[in-house]
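Fold and contact review
So you can see what is in the structure, the chains are spelled out below.
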Amino acid sequence: MADQAEMPIAITMGDPAGVGAEVIVKAAAELPAAERAGLLVVGSAETLERAIAATGVDLRLVTGVVEDDRALRLDAVEVPGTPLPFGKLDPVGGEASYRFIARAVELAQSGRAAGIVTAPINKEALNLAGHHFDGHTGMLAHLTGSRSSFMLLASERLKVIHVSTHVSLRDAIGRATPERILETIRTGHAHLVRTGYSKPRIAVAGINPHCGENGLFGREDDLQVAPAVEMARQEGIDVVGPISADTLYYRAYSGAFDLVVAQYHDQGHIPIKLVAFDTAVNVSLGLPIDRTSVDHGTAFDLAGTGKAKHVNMLAAIAYARKLADNKDQAK
């Protein structure tokens with residue numbers, strides 16, 4: 001417990017108008033005191049106090065050493081214009097979201113946090129505040145000076161890593177170059193090895209229906225996907241593909257593969273949200289720090305009601321702690 005307290009998981013509060021504060025305090029209240037001592041929330045004290053009141057949990061925010069079993073540590077980052085009314089789209093919420101994340105990245109890169117867990121942000125509010133990113137993944141790559149990053153959605157029976165995420169379908173096809181697909185395969189393989197898979201079985205989804213039917217529906221699978229798979233196999237990675245996406249996810253969910261490489265956002269998100277909507281964890285790979293996240297949005301319609309589910313936050317915290325405990329296995 002002492003080690004966790006000294007090297008905590010930093011949890012960013014997300015948009016102050018959303019459900020982030022509520023799912024954080026509900027999750028923290030459910031954890032044993034020893035595990036709660038290993039958390040550090042980065043956010044607004046007043047918003048978190050409102051969330052505690054809205055949810056009715058028994059917690060006390062502290063900014064120093066944890067002194068009792070109901071304490072939750074806070075690194076307060078107050079932003080002019082907050083607190084916001086729950087459920088209100090506002091540039092102030094985007095600015096606050098950015099500052100919380102920037103602070104957590106600073107903590108992780110300086111060795112004062114073992115990794116970060118992010119509560120949901122609103123992309124429109126973020127951009128209205130002048131921070132022009134497609135979401136957490138692009139922002140984290142920028143803040144850490146990373147060339148690129150990858151989104152992994154992880155659940156117990158299905159794990160999916162994406163070649164691209166928040167771009168148009170037209171742009172996604174262009175981004176699915178052999179080099180990018182190969183790097184996605186490598187990154188997913190390394191992550192699974194780190195988390196306990198001795199020889200991960202990876203399958204790569206095709207781009208076109210039925211992988212193009214030998215050119216009848218397009219040549220992208222032959223010219224972009226197949227070469228990447230072959231290069232990865234030559235590196236000793238157990239990977240097959242392209243495989244038609246309409247059957248691949250069923251096979252993976254049934255246990256045939258440990259990881260699916262999806263070519264674009266919806267190809268990966270739809271199946272995993274169907275089978276693990278409340279439990280899938282969003283993991284950013286390819287960064288110098290570990291980051292997990294809930295896999296849901298700000299839910300402005302629920303904000304302030306205390307009704308938002310916190311199961312996903314508990315899963316994100318558990319995954320972040322697992323990564324922290326396996327840092328020595330990181331490539």
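Provided above is the structure to which this section pertains.
These remarks concern the structure in this document. Just so we're clear, the structure is a prediction, and the values are computed from it rather than from any experiment.

The rules we used
- Residues numbered from 1 in each chain as written.
- Predicted model: local features only at pLDDT ≥ 70, side-chain atom pairs only at ≥ 80, totals over all residues.
- Heavy atoms only, no water.
- Helix = DSSP H or I, 4+ residues; strand = E, 2+ residues; numbered from the N terminus.
- Rg over C-alpha atoms; globule rule 2.2 N^0.38 Å.
- Buried < 20%, exposed > 50% of the residue type's maximum accessible area, 1.4 Å probe, protein only.
- Contact = heavy atoms within 4.5 Å.
- Areas by Shrake-Rupley, 256 points an atom, 1.4 Å probe, with all protein chains shown as cover.
- Phe/Tyr/Trp six-rings, centres within 6.5 Å; stacked < 30°, edge-to-face > 60°.
- Lys NZ or Arg CZ within 6 Å of the ring centre and 35° of its normal.
- Core = buried A, V, L, I, M, F, W, Y, C linked by side-chain atoms within 4.5 Å.
- Arc of directions from axis to C-beta.
- Pairing = 2+ DSSP bridges.
- Axes fitted to C-alpha atoms, helices over the stretch in contact; angles between N-to-C directions.
- Left-handed = near helix turned anticlockwise from the far one by under 90°.
- Parallel < 35°, antiparallel > 145°, perpendicular 65-115°, else oblique.

**Thoughts on the overall build of the protein**
When its secondary structure is counted, the protein shows 13 helices and twelve strands. Since a compact globule built from 331 residues should have a radius of gyration of about 20 Å, the 20 Å found for the protein is in line with a globular shape. Out of the 331 residues belonging to the protein, those deemed buried represent 54%. By sequence separation, contacts in the protein at least 24 residues apart represent 74% of the contacts at least 6 residues apart. When the accessible surface of the protein is summed, it comes to about 13900 Å², and 51% of that surface belongs to carbon and sulfur atoms.

**A few points about the packing of aromatic side chains**
For the structure shown, the criterion picks out zero aromatic pairs. It is Arg-50 that lies over the ring of Phe-86; its NZ or CZ is 4.0 Å from the centre. Its guanidinium or amino end placed over the ring of Tyr-253, Arg-157 lies 3.8 Å from that ring's centre, counting from NZ or CZ.

**Topic: the nonpolar core**
Membership of the largest hydrophobic core comes to 83 residues, with the highest contact counts inside it found for Ile-185 and Met-313. Residues contacting Ile-185, with those up to four places away along its chain left out, are Ile-202, Val-204, Ala-228, Val-229, Ala-232, Ile-237, Val-239 and Val-261. Ranked by size, the runner-up nonpolar core spans 16 residues in total, among them Met-151, Leu-153, Leu-158 and Ala-203.

**Topic: helix α11 (residues 245–253)**
When we look at burial in α11, the residues that qualify are Leu-248, Tyr-249 and Ala-252. Seen end-on, α11 carries its buried residues on one side only, within an arc spanning 90°. Exposed residues lying more than 90 degrees from the buried face of α11 are Asp-246 and Tyr-250. The elements touched by buried residues of α11 are β7 (159–162), β8 (202–205), β9 (239–243), β10 (259–262) and α12 (265–275). Trailing α11 by a residue or two, Gly-255 shows a phi angle of about 110°, which is positive.

**A word on unusual backbone geometry**
Thr-82 connects to Pro-83 through a cis peptide bond whose omega is 5°. Examined against the element boundaries, Pro-83 turns out to sit in the loop between β4 (71–76) and α5 (91–109). A cis amide bond links Gly-241 to the next residue, Pro-242, at an omega of -5°. As for its placement among the helices and strands, Pro-242 is situated in strand β9. Of note in this structure, His-210 is not a glycine but carries a positive phi near 55°. Within the fold, His-210 resides in the loop between β8 and α10 (220–234).

**Digging into the pairing of strand β6 (residues 150–154)**
Counting buried residues along β6, five of its five residues qualify, which places the element largely inside the surrounding structure. Side chains Phe-150, Leu-152 and Ala-154 project from β6 onto one buried face, and the interleaved Met-151 and Leu-153 project onto a second face that is buried too. Pairing between β6 and strand β11 (residues 281–285): five bridges, direction antiparallel. In the strand pairing of β11, Leu-153 is matched with Asn-282. Examined bridge by bridge, β6 and β7 share three bridges and lie antiparallel to one another. Following the sheet pairing, Ala-154 is matched in β7 by Lys-159.

**With respect to the sheet that holds strand β12 (residues 291–294)**
The sheet built from twelve strands is open, its strands ordered β3-β4-β2-β1-β5-β12-β11-β6-β7-β10-β8-β9 with mixed pairing. Sheet topology places β3 (60–62) and β9 at the edges, where each strand pairs with a single neighbour. Here the average twist between neighbouring strands, direction ignored, is 25°. Two elements, strand β2 (residues 39–43) and β4, share three bridges in a ladder whose sense is parallel. Bridge pairing in β4 links Val-41 to Leu-74. Packing of helix α13 (residues 311–325) onto the sheet brings it into contact with β1 (9–12), β2, β5 (115–118), β6, β11 and β12, and relative to β12 it is tilted by some 170°.

**Re the packing of helix α2 (residues 20–30) against helix α4 (residues 45–55)**
Taken N-terminus to C-terminus, the directions of α2 and α4 make an angle of 65°; their axes are 8 Å apart at the nearest point. For the element pair α2 and α4, the recorded crossing hand is right-handed. The segment α2 lies against α4, with Ala-21, Glu-22, Val-25 and Lys-26 engaging Thr-47, Leu-48, Ala-51, Ile-52 and Thr-55.

**Points about the environment of Gly-286**
Positionally, Gly-286 belongs in the loop between β11 and β12. According to the relative accessible area criterion, Gly-286 is partly exposed, its value standing at 46%. Considered as a pair, Gly-286 and Arg-73 are 213 residues apart in the sequence and their alpha carbons are 29 Å apart. Every residue in contact with Gly-286, bar those within four places of it in the chain, is listed here: Ser-146, Ser-148 and Thr-187.

**Concerning the packing of α11 against α12**
For the pair α11 and α12, interaxial distance at closest approach is 11 Å and the crossing angle is 40°. The angle between α11 and α12 places the two elements in the oblique class. For the pair α11 and α12, the sense of crossing is right-handed. On α12, the residues touching Ala-245, Tyr-249 and Tyr-253 of α11 are Gln-267, Gly-268, Pro-271 and Val-275.

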